[in-house]
Amino acid sequence: MADSVPAPRVPLASVTPAIALGPLDGRYRSATAPLVDYLSEAALNRDRTHVEVEWLIHLTSNSVLPGTSPLTADQQAALRDIVSGFDGNSVNELAEIEQVTVHDVKAVEYFIGRRLAAIGIENLTPLVHFGCTSEDINNLSYALGIKGAVENVWLPAARKMVAQIAAMAEETRSVPMLSRTHGQPATPTTLGKELAVTVHRLTRQLDRVAGTEFLGKINGATGTYAAHYASVPNVDWQQVAKTFIEGLGLTWNPLTTQIESHDWQAELYADMARFNRILHNFCTDVWSYISIGYFAQVPVAGATGSSTMPHKVNPIRFENAEANLEISNGLLDTLASTLVTSRWQRDLTDSSSQRNIGVAFGHSLLAISNVAKGLERLNVAEDVLAADLDTNWEVLGEAIQMVMRAEAIAGAPGMENPYERLKELTRGNRVDAERMKEFVSGLGLPAEAEARLLALTPAKYTGIADNLVDHLQK
C-alpha cells in the first residue's frame, strides 16, 4: 500500500490576527499585559519619541542655540500630543519609515519631523536629535520604560503578593508547627513565624529595587560632547544635559562612553533575581507543606487536576511560579552579566540584550501572579500540624538537656552529661509523651524545673516565635 500524503496545513504564521510565538503574549497575556505599556517595542518607540520631543523643548526653552527662542505653550502642547497620541497608526507609520531607514532611532527622528510643519515650527527640523547619537535617545528611553515597569507594574504586584504572605503570617503567628532541619524533626516553631521570615527576606529585596537609581546620559557619540562644542561652543553642555536628564526624572551619569554603562541595570536585575530566588524557595516550601498535608488546597469549581485521576488537586500555581522564576532569572542573570561589558567605546550586544528585558520582567510578573492566586486557595490544616507535633516528643530533648545544664551551673547535683543522656534516649528513636515524662521525673531536677518540663509539650515548645512576627510591623 502506498504511503498516504498528508494534506497541506494552513501556515499559522499567516493567520490574522497574528499568533504569538511565546507564552507571555499568548496564553499568559492577561497576566503580563500591563508591561506592554513600558517594555514592548512600541513602548520603546513611544519613549524615544518622548525623549526627542522633550530634548527639542529643552533646547528651545533655554535658547541653547543661537536663533532659537522658547516655543509657545500651544506649540509645546502640540509636540507632546505626538507622544500622548502615540497609537497603532503611529506604530505602523514608524515601521514603514524604518523599512527605508533601516534604523529605528532615525525613523523616530523622521516621524517627528513630519509633524513640525503642522505645528508651525518646520524651521526647527534640524533641531530634532541635535547633537545626539542613537544611544543618547535609547539609554534614556530604556531607563524611562524600565522605571515605569518597576514602579507602576512589577513592584506594586510584588508588594501586594508579599502583603498576602504577611497577612497569613499574622493569622498563623501562634499556630505551632514542627520544624525540619535536614528534612528531620527539629525544634518546633510557628507557621506564622516561618512565613514572617519569608516576608522579611522578600521585603528587603523589594526595598532595594525601590531604591534603584535610574541613570541616563546625553553626551554624544563617545561621551565627550565633541559635536556640541564644535557647533555651539559657548554653552555649558554638561549643565544642559544634566538638567534635561533630571527633568525626565532620571539621574545624570556624567562619565560614559557612547553608551550609558548599564551598571544600574545590572544592579536592578541582581536585586530582582534575588527576590525571584527567595520566592522560588518559598514556592518549593509551600509545595512541600502541601504534600505532607500542612496546607489544604481549595478546589476550583469545574477545574481538572489530572486527566485520569479525578481526586487530584495539584499545586500547579506554585509549580508554574517555580518554572517562570527560573526562566526570569536565566534572563536577568544574562542581562546583568552582558550589559556591564562593551568593547571599547561601543558594541551592539547591549542593544540585542535589552530587547529581552520585557521577557525577563514578564516571567517574574507571571510567577508573582501565580503565587498570589495559589495563596488565595490555601487553608491551614491545624489538625495535621498538631498531630505531627504530637508524634515527635523527642524534639523536647533539646529543652531538657538545656534545663539540666542550667541547673548544673546553679549547683543542682546529678546533672552530669545532659547531652549524652538525651542523645541515648532520643537519637533515632521515637519517644512518646509518657516515656518523656517518665525520663524527666527520674532526673532528680529541682521541683520548679521539673514542673516546668513536665508541663512542656512539643506544641508549647516554640519559644517567642509568635512575638517575632511583630518585626514585620517595624
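Here is what the cut-offs are and how they apply
- Residues numbered from 1 in each chain as written.
- Predicted model: local features only at pLDDT ≥ 70, side-chain atom pairs only at ≥ 80, totals over all residues.
- Heavy atoms only, no water.
- Helix = DSSP H or I, 4+ residues; strand = E, 2+ residues; numbered from the N terminus.
- Rg over C-alpha atoms; globule rule 2.2 N^0.38 Å.
- Buried < 20%, exposed > 50% of the residue type's maximum accessible area, 1.4 Å probe, protein only.
- Contact = heavy atoms within 4.5 Å.
- Areas by Shrake-Rupley, 256 points an atom, 1.4 Å probe, with all protein chains shown as cover.
- Lys, Arg positive; Asp, Glu negative; His and termini not counted.
- Charge placed at Lys NZ, Arg CZ, Asp CG, Glu CD.
- UniProt positions renumbered as here; feature names shortened; annotations may be inferred.
- Phe/Tyr/Trp six-rings, centres within 6.5 Å; stacked < 30°, edge-to-face > 60°.
- Lys NZ or Arg CZ within 6 Å of the ring centre and 35° of its normal.
- Core = buried A, V, L, I, M, F, W, Y, C linked by side-chain atoms within 4.5 Å.
- Axes fitted to C-alpha atoms, helices over the stretch in contact; angles between N-to-C directions.
- Parallel < 35°, antiparallel > 145°, perpendicular 65-115°, else oblique.
- Left-handed = near helix turned anticlockwise from the far one by under 90°.
- Nonpolar A, V, L, I, M, F, W, Y, C, P; charged D, E, K, R; others polar.

Student: Let's hear about the overall build of the protein chain: which residues, and what values?
Tutor: Per the secondary structure count, the protein chain includes 21 helices and 6 strands. At 31 Å, the protein chain has a C-alpha radius of gyration far larger than the 23 Å of a compact globule built from 474 residues. Along the three orthogonal principal directions, the C-alpha set of the protein chain runs to about 100 × 80 × 40 Å. Counting all 474 residues of the protein chain, 46% fall into the buried class. Counted over contacts in the protein chain with a minimum sequence separation of 6, partners at least 24 positions apart contribute 77%. When the accessible surface of the protein chain is totalled, it reaches about 24,100 Å², and 53% of it is carbon and sulfur. For the protein chain, the distance from the average site of its 39 positive side-chain charges to the average site of its 55 negative ones is 3 Å.

Student: With reference to specific residues and values, describe unusual backbone geometry.
Tutor: Along the chain, Thr16 connects to Pro17 via a cis peptide bond; the corresponding omega equals -5 degrees. Within the secondary structure, Pro17 is located in the segment before helix H1 (29–32). Of note, the phi angle at Tyr225 is positive, near 60 degrees, even though the residue is not glycine. Mapped onto the elements, Tyr225 comes out in the loop between strand E3 (215–216) and helix H10 (226–231). Overall, the relative accessible area of 6% leaves Tyr225 in the buried class. A positive phi is found at Trp344, a non-glycine position, where the angle reads about 45 degrees. Accessibility expressed as a relative area gives 79% for Trp344, which makes it exposed.

Student: So what about the side chain of Glu135? Which residues, and what values?
Tutor: Of note, Glu135 is situated in helix H8 (residues 134–171). Aside from chain neighbours lying at most four places away, what touches Glu135 is Lys217, Gln258, Ile259, Glu260, His262, Arg346 and Asp350.

Student: Explain the UniProt feature "domain: Adenylosuccinate lyase PurB C-terminal" (unreviewed entry) in the protein chain residue by residue, including any values.
Tutor: In the UniProt entry, the feature "domain: Adenylosuccinate lyase PurB C-terminal" (unreviewed entry) is given for residues 342–462. Helix makes up 61% of residues 342–462 and strand makes up 2%, while its end C-alpha atoms are separated by 54 Å.

Student: A description of the packing of aromatic side chains should follow, citing residues and the corresponding values.
Tutor: The final tally for this structure, using the stated rule, is 8 aromatic pairs. Where Tyr289 meets Tyr294, the ring centres are 5.5 Å apart and the plane angle is 10 degrees; that geometry is what we call stacked. Here the aromatic cluster, defined as three or more aromatic residues joined through ring pairs, consists of Tyr289, Tyr294 and Phe295. A cation sits over an aromatic face here: Arg115 above Phe111, 3.8 Å from the ring centre.

Student: How would you sum up the nonpolar core? Please name residues and give values.
Tutor: Within the largest apolar cluster, 108 residues are counted, with the highest numbers of intra-cluster contacts made by Leu79, Ile146, Trp154, Trp237, Tyr269, Phe275 and Phe361. Per element, the largest residue contribution to this core is 17 residues, and it comes from H8. When neighbours within four sequence positions are excluded, Trp154 is seen to be in contact with Ala149, Leu206, Val209, Met272, Phe275, Phe361, Ser364, Leu365 and Ile368. Counting 20 residues, the second largest nonpolar core, distinct from the first, contains Trp393, Leu425, Leu445 and Leu453.

Student: Tell me what's going on with the environment of Ala221, and back it up with residues and numbers.
Tutor: Its location among the elements puts Ala221 in the loop between E3 and H10. Placed 106 residues apart in sequence, Ala221 and Ile327 show a C-alpha to C-alpha distance of 35 Å. The residues touching Ala221, leaving out its near neighbours within four places in the chain, are Thr133 and Gln258.

Student: Give me the packing of H8 against helix H12 (residues 263–291): which residues, what numbers.
Tutor: At their nearest, the axes of H8 and H12 sit 13 Å apart, and the two run at 20 degrees to each other. What the angle tells us is that H8 and H12 run roughly parallel. The crossing of H8 and H12 is left-handed. Seen from H8, the contacting residues are Ala143, Ile146, Val150, Trp154, Ala158, Met161, Val162 and Ile165; seen from H12, they are Trp264, Gln265, Leu268, Tyr269, Met272, Phe275, Leu279 and Phe282. The class makeup of the residues in the contact of H8 with H12 is 15 nonpolar, 1 polar and no charged.

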